[in-house]
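Summary of the model geometry
Below are the chains, spelled out letter by letter.
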Amino acid sequence: MTEQEIRELVAGQAERQALASAFYRDPDIYERDIDRIFMRSWLYAGHQSEIPEVGDWFLFEFAEESVIIVRSAEDEINALLNVCRHRGSRVCVEQKGCSKLLRCRYHGWSYDLQGRLRAAAHMPDSFDRSSIGLKKIHAEVLDGLIFINFAEEPGDFSSVRDGLADCLRPYRLEDTKVAHRQSYPIAANWKLAVENYCECYHCAPAHPEYSMGHGLAHEDSRTEELYQKVMARAGACGLSDKAVNRMYLAAPAFGADFAFERYPLIRDHVTGSEDGKPLAPLLGDVKDYDGGATDLQVGPVTYALIYCDHVV
Ligand code: FES
Ligand SMILES: [Fe+2]
């Protein structure tokens, strides 16, 4: 599909109607989505607890890109493109590791944890190592959550940080650890997954277990009173009663979306466990279960569900 055809399709899209099927199926539109949306947005790469020691790294792989997320110093995390500056080979080939130097196995060039070239055998004296290094992309750590952005000049992350500070602080997500990881590959275009996440109209029929405990699965009018109770209890539980929604068209800058929204749990559930009973010690500075759950969103496609004792 040509650029002109795609533009015409966008211009002809009716409001509040499903997108034309080409938006889900056309390979050129998919490439354009990657370039214009994902390569310019803040993306969640992992949690700082996955790289506790200096030299620890893991790979974040997305579209055709591979990024080394490395703890370069006690208080520094870097995101380096996993592309050797010699002949473009992958430098790290395992999913994670720990090393003082990142060594490419092809011809042995080695980089330090900042990505600077440290060793390249048989190069002439005129070869200037200092001018060569793994390409660094932008990385930010928000309460332990590592976000990266491939853009040269990404949307300002400080507005995300400032906008979420009061809401997130009590949970102290920087003190949490990854307890379990589960992937659900979806054989569909990414827009279907996002559209699905953005509505809970399907929750009651499609997720009976979720609907047992979560007010979001039910009409607002049925849970309004409970919502007010959760908000009234927030302060006593050490939580914020603020809600912010700066997603998509309301984002402060492209790709720097954020939202923090609370809603009530129902049937006396206090957390997201199957029976609604506590699962773990309360997070951070949370003093008690307030009967609510929190939807956290950062960037256009990172969603988390924060309960008082764990995060999904
Ligand atoms: S491609 Fe990495 S050292 Fe040659
Ligand atoms: Fe669902």
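Residues numbered from 1 in each chain as written. Chains lettered and ligands numbered in written order. Predicted model: local features only at pLDDT ≥ 70, side-chain atom pairs only at ≥ 80, totals over all residues. Heavy atoms only, no water.

**As for the domain arrangement of the chain**
- By domain assignment, the chain separates into domain 1 (3-36), domain 2 (43-154) and domain 3 (159-306).
- Distance between the C-alpha centres of domain 1 and domain 3: 30 Å.
- Listed by partner, the interface residues are seven residues for domain 1 and six residues for domain 3.
- Summed over both sides, the interface between domain 1 and domain 3 buries roughly 530 Å², with carbon and sulfur atoms accounting for 55% of that surface.
- At the boundary of domain 1 and domain 3, one finds one salt bridge.
- Where Asp-33 meets Lys-191, a salt bridge forms, and the shortest distance between an N and an O atom there is 2.7 Å. (Domains from an automatic or database assignment. Contact = heavy atoms within 4.5 Å. Buried area = accessible area lost by both parts, 1.4 Å probe. Salt bridge = Lys/Arg side-chain N within 4 Å of Asp/Glu carboxyl O.)

**Description of the nonpolar core**
- One finds Leu-164 and Leu-296 to be the most contacted residues of the largest nonpolar core, which totals 26 residues.
- Taken together, the elements giving at least two residues each to this core come down to strand S10 (145-149), helix H4 (158-168), strand S12 (258-264), strand S13 (292-298) and strand S14 (302-306).
- The element that contributes the greatest number of residues to this core is H4, accounting for four residues.
- Leu-164 has contacts with Leu-142, Val-244, Phe-258, Ala-259, Phe-260, Leu-296 and Val-298, leaving out every residue within four places of it along the chain. (Core = buried A, V, L, I, M, F, W, Y, C linked by side-chain atoms within 4.5 Å. Buried < 20%, exposed > 50% of the residue type's maximum accessible area, 1.4 Å probe, protein only. Helix = DSSP H or I, 4+ residues; strand = E, 2+ residues; numbered from the N terminus.)

**Describing the coordination of the iron ion (ligand 2)**
- Protein-derived coordination of the iron ion (ligand 2) comes from His-202 (NE2) and His-207 (NE2), at a distance range of 2.1 to 2.2 Å.
- Its relative accessible area of 17% is what places His-202 among the buried residues.
- Look at His-207 and you get partly exposed, because its relative accessible area is 32%. (Donors = N, O, S within 2.8 Å, 3.2 Å for Na, K, Ca; no water.)

**Here we look at the pairing of S10**
- Of all five residues that make up S10, five are buried, and the element is covered over most of its length.
- Residues Leu-145, Phe-147 and Asn-149 point to one face of S10 and Ile-146 and Ile-148 to the other, with burial holding for every one of them.
- Note that strand S1 (residues 43-47) and S10 share four bridges and pair antiparallel. Considered in S10, the bridge of Leu-43 is made with Ile-148.
- Sheet topology places strand S9 (residues 136-142) next to S10; five bridges connect them, and they run antiparallel. Paired with His-138 across the bridge in S10 is Asn-149.
- Linking S9 to S10, which pair antiparallel, is a turn of two residues; within it Asp-143 sits at a positive phi near 45°. (Pairing = 2+ DSSP bridges.)

**A few points about the packing of helix H1 (residues 3-11) against helix H3 (residues 27-36)**
- At their nearest, the axes of H1 and H3 sit 11 Å apart, and the two run at 80° to each other. In this view, H1 runs roughly perpendicular relative to H3, as classed from their interaxial angle. Within the contact between the two elements, H1 uses Glu-3, Ile-6, Arg-7 and Leu-9 and H3 uses Asp-28, Ile-29, Arg-32 and Arg-36.
- Each residue belonging to the contact of H1 with H3 can be placed in one class, and the counts come to three nonpolar, no polar and five charged. (Axes fitted to C-alpha atoms, helices over the stretch in contact; angles between N-to-C directions. Parallel < 35°, antiparallel > 145°, perpendicular 65-115°, else oblique. Nonpolar A, V, L, I, M, F, W, Y, C, P; charged D, E, K, R; others polar.)

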